[in-house]
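Listed below are the residues making up each chain.
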Amino acid sequence: METVCIRNVRAVDSLRDAVCDILIRDGRIAEIGENIAAEIDREIDGTGLIAMPGLFDMHVHFRDPGQTQKEDVYTGSAAALAGGVTGVLCMPNTVPPMDNPEQVRDVLRRANDTGVDVHQAGTLTVGLKGERLADYEALKAAGVTALSDDGRPVPTAELMEAALAKAKEAGLPVVSHCEDLAIINGGIINKGAVSEALGVKGMDRRSEDSVTERDLQLALKTGAQLHICHVSTTGSTEAVRKAKAAGGNVSCETAPHYFMLTDELLLSRDADYRMNPPLRTPEDVAAIKAGILDGTIDCIITDHAPHTAEDKADFEKAPNGVVGLETSLAATLTTFYHTGLLTLQDIVRLMCDNPRRLLHLPARTLSAGAAADLILVDPERRWTVDPEKLHSRSHNTVFKGMTLTGKVLMTMTGGIVRYEADT
Ligand code: DOR
Ligand code: ZN
Ligand code: ZN
């Protein structure tokens, strides 16, 4: 294995923000400090660049098994590495769903040689049907890191309470997709002026808000660990804020599209802008940003949800979801770092430390002795998102044609360079 030294780089993790050299040997960070002298195979000039621990995205859909025409664990991992993401939690709405230990073991085994720290969520209910609970102890023994029915809500409070109680016993966090299908009633975009202008059925925000409130109450009642998925509204952000103040073992996440974009984009009738929950209003965008700034929102995730161009061809019939792994850091730097709203250490907390902590995984730092899972980023590089250049098997990005500031130049895991940008 090559010995690599990154010189004169701004190293940012939870413990430091300082310009130094980083020496990587035998898969580990051997030394971090000034003017390191050692025998080196490859020197990288880090002047003007940032090194940070690899990001962890705790909400992705790799579609493996069953829908590998959209993505698989290998193409999904390639997309992750290109986005500076070195660890992921895969949602269990695969085909068939991840409700059985054999299938969990199989995907985790195949993920071994991707270079990405791939984790798998097991389902909360058998077959994602929302009828009876899966076998959490068996799923845990097979290696799941969390439980979720993502893609679908758990339909009743009774079943969710039973799921939380049993997950608590198993010591697994519950990751909840909050949606009331009766309220959604076939809606395809945010309910409001845009859905009216287009004459399509809307998704009322009460769908998200009411189930978020229900699940937070149940978390307080049971004492279970609950993580709310893809918060997109003012109301659900406020509900999480209150549940935290009430002492709940609760957390939540949002995605870049919810803090950058609004439902105006749907006026294009382009299904690439459709996801669930949907793009909302400028007021929601402001509330999501405020939730990130005051710590109500713990993590920035992508909900990377690949769908083929064919799937996305019909605006009204297309499935919900957007890819995001290759744009999440750039989008976050553009919105929060280049505007002075967040520091780089804040971003490490939101995109690396908090997800790992919530999933009970060991922390990642750039300290001597740590695993060499790190990324090199040019914070000032402006680039325009070209869907054709993505590593994901699907190209359904909401950021197509947008210019973002900040680019991942290199991703290393286990001391091996897994990704390098072309330019
Ligand atoms: O937009 C979404 N896509 N939301 C979900 O909850 C599921 C996901 C998918 O699996 O495509
Ligand atoms: Zn979801
Ligand atoms: Zn999802």
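See above for the structure.
Since this is a predicted model, take the numbers as computed values, not measurements.

Caption draft 1: Structural context of the overall build of the chain. Across its full length, the chain holds 12 helices and 18 strands. For the chain, the C-alpha radius of gyration of 21 Å lies close to 22 Å, the compact-globule estimate for 423 residues. For the C-alpha atoms alone, the extent of the chain along its principal axes is close to 65 × 45 × 45 Å. For the chain, buried positions account for 62% of its 423 residues. Across the chain, contacts joining residues at least 24 apart in sequence account for 74% of those joining residues at least 6 apart. Of the roughly 15,600 Å² of accessible surface on the chain, 49% is carried by carbon and sulfur atoms. Across the chain, the centroid of the 43 positively charged side chains sits 3 Å from that of the 61 negatively charged ones.

Caption draft 2: Region of interest: the coordination of the zinc ion (ligand 3). Summarising the metal site, the zinc ion (ligand 3) is bound by the protein donors His59 (NE2), His61 (NE2), Asp150 (OD) and Asp303 (OD), whose distances to it range over 2.0 to 2.2 Å. Taken together, the 4 donor atoms coordinating the zinc ion (ligand 3) and their angles of 85 to 171° define a geometry best described as irregular. One chain supplies every donor to the zinc ion (ligand 3), and in sequence these donors are spaced H-x1-H-x88-D-x152-D. Taken as a pair, the zinc ion (ligand 3) and the zinc ion (ligand 2) lie 3.5 Å from each other and share Asp150 as a ligand. Pair check on accessibility: His59 and His61 agree, each one buried.

Caption draft 3: Structural context of the coordination of the zinc ion (ligand 2). At 1.9 to 2.1 Å from the zinc ion (ligand 2) lie its protein donor atoms, namely Asp150 (OD), His177 (ND1) and His230 (NE2). Angles of 83 to 126° at the metal separate the 4 donor atoms of the zinc ion (ligand 2), which places the site in the irregular class. Each donor residue of the zinc ion (ligand 2) lies on one chain, and together they are spaced D-x26-H-x52-H. The exposure class of His230 is buried, given its relative accessible area of 2%.

Caption draft 4: Structural view of the nonpolar core. Residues Ile6, Ile22, Val88, Tyr136, Leu226, Ile292 and Leu329 are the most contacted members of the largest nonpolar core, which totals 92 residues. Not counting chain neighbours up to four residues away, the residues in contact with Ile22 comprise Val4, Cys5, Ile6, Val9, Ala11, Ile29, Glu31, Ile32, Ile36, Ala51, Leu366 and Leu374.

Caption draft 5: Broad picture of the site of ligand 1. For ligand 1, the set of nearby residues contains 13 residues, the closest of which are Arg63, Asn93, His177, Asn276 and His307. His177 has a polar side-chain atom sitting 3.1 Å from an oxygen atom of ligand 1. Between ligand 1 and His307 there is a distance of 3.0 Å, counted from an oxygen atom to a side-chain nitrogen or oxygen. Alone, ligand 1 offers 290 Å² of accessible surface; in the complex the protein occludes 92% of this. When grouped by side-chain class, the residues that make up the shell around ligand 1 number 2 nonpolar, 8 polar and 3 charged.

Caption draft 6: The arrangement of the sheet that holds strand β6 (residues 55–60) in detail. With respect to topology, 8 strands assemble into an open sheet ordered β6-β7-β8-β9-β10-β13-β14-β15, the strand pairing being parallel. Only two strands of the sheet have a single neighbouring strand rather than two, namely β6 and β15 (299–300). Note: strand β10 (residues 174–176) against strand β13 (residues 226–228), 3 bridges, orientation parallel. The residue bridging Ser176 from the neighbouring strand is Ile228, located in β13.

Caption draft 7: Highlighting the packing of helix α8 (residues 234–245) against helix α10 (residues 282–293). It is at 8 Å that the axes of α8 and α10 come closest, and there the two elements cross at 25°. Classified by the angle their axes make, α8 and α10 are roughly parallel. By crossing handedness, the relation of α8 to α10 is classed as left-handed. The residues of α10 that touch α8, namely those facing Thr234, Thr237 and Arg241, are Glu283, Asp284, Ala287, Ile288, Ala290 and Gly291.

Caption draft 8: A look at the packing of helix α7 (residues 205–222) against α8. With their axes 8 Å apart at the nearest point, α7 and α8 run at an angle of 10° to one another. It follows from the interaxial angle that α7 and α8 lie roughly parallel. Along its contact with α7, which presents Arg205, Glu208, Asp209, Thr212, Glu213, Leu216 and Leu220, the element α8 presents Thr234, Gly235, Ser236, Ala239, Val240 and Ala243. Its residues assigned to classes, the contact of α7 with α8 shows 5 nonpolar, 4 polar and 4 charged.

Caption draft 9: How the structure looks around α7. Over its 18 residues, α7 runs 26 Å from end to end, which matches the ideal 26 Å to within 8%, given 1.5 Å per residue. Of the residues making up α7, those classed as buried are Ser207, Glu208, Asp209, Val211, Thr212, Arg214, Asp215, Leu216, Leu218, Ala219 and Thr222. Buried residues along α7 sit against α4 (157–170), β10, α5 (181–184), β13, α8 and β14 (250–254). Two or three places before Arg206, at the opening of α7, Asp204 has a side-chain oxygen 2.9 Å from that residue's backbone nitrogen. Backbone geometry just downstream of α7 places Gly223 in the positive-phi region, at approximately 75°.

Caption draft 10: Representation of unusual backbone geometry. Of note, the bond from Asp64 into Pro65 is cis; its omega dihedral lies within 30 degrees of zero at 10°. In this structure, Pro65 sits in the loop between β6 and α1 (73–82). For the bond running from Val95 to Pro96, omega is -5°, close enough to zero to count as cis. By secondary structure assignment, the location of Pro96 is in the loop between β7 (85–90) and α2 (101–111). Positive phi, normally seen in glycine, also occurs at Asn35, with a value near 45°. Along the chain, Asn35 falls in the loop between β3 (28–33) and β4 (42–45). The class for Asn35 is exposed, based on a relative accessible area of 68%. Non-glycine residue Asp303 carries a positive phi angle of around 55°. According to the relative accessible area criterion, Asp303 is buried, its value standing at 9%.

The rules behind the values
- Residues numbered from 1 in each chain as written.
- Chains lettered and ligands numbered in written order.
- Predicted model: local features only at pLDDT ≥ 70, side-chain atom pairs only at ≥ 80, totals over all residues.
- Heavy atoms only, no water.
- Helix = DSSP H or I, 4+ residues; strand = E, 2+ residues; numbered from the N terminus.
- Rg over C-alpha atoms; globule rule 2.2 N^0.38 Å.
- Buried < 20%, exposed > 50% of the residue type's maximum accessible area, 1.4 Å probe, protein only.
- Contact = heavy atoms within 4.5 Å.
- Areas by Shrake-Rupley, 256 points an atom, 1.4 Å probe, with all protein chains shown as cover.
- Lys, Arg positive; Asp, Glu negative; His and termini not counted.
- Charge placed at Lys NZ, Arg CZ, Asp CG, Glu CD.
- Donors = N, O, S within 2.8 Å, 3.2 Å for Na, K, Ca; no water.
- Tetrahedral: all angles 85-135°; square planar, octahedral: opposite > 155°, others 65-115°.
- Core = buried A, V, L, I, M, F, W, Y, C linked by side-chain atoms within 4.5 Å.
- Near = heavy atom within 4 Å.
- Polar contact = N/O pair within 3.5 Å; in protein donor to acceptor, adjacent residues only side chain to side chain.
- Nonpolar A, V, L, I, M, F, W, Y, C, P; charged D, E, K, R; others polar.
- Pairing = 2+ DSSP bridges.
- Axes fitted to C-alpha atoms, helices over the stretch in contact; angles between N-to-C directions.
- Parallel < 35°, antiparallel > 145°, perpendicular 65-115°, else oblique.
- Left-handed = near helix turned anticlockwise from the far one by under 90°.
- Expected span 1.5 Å × (residues − 1).

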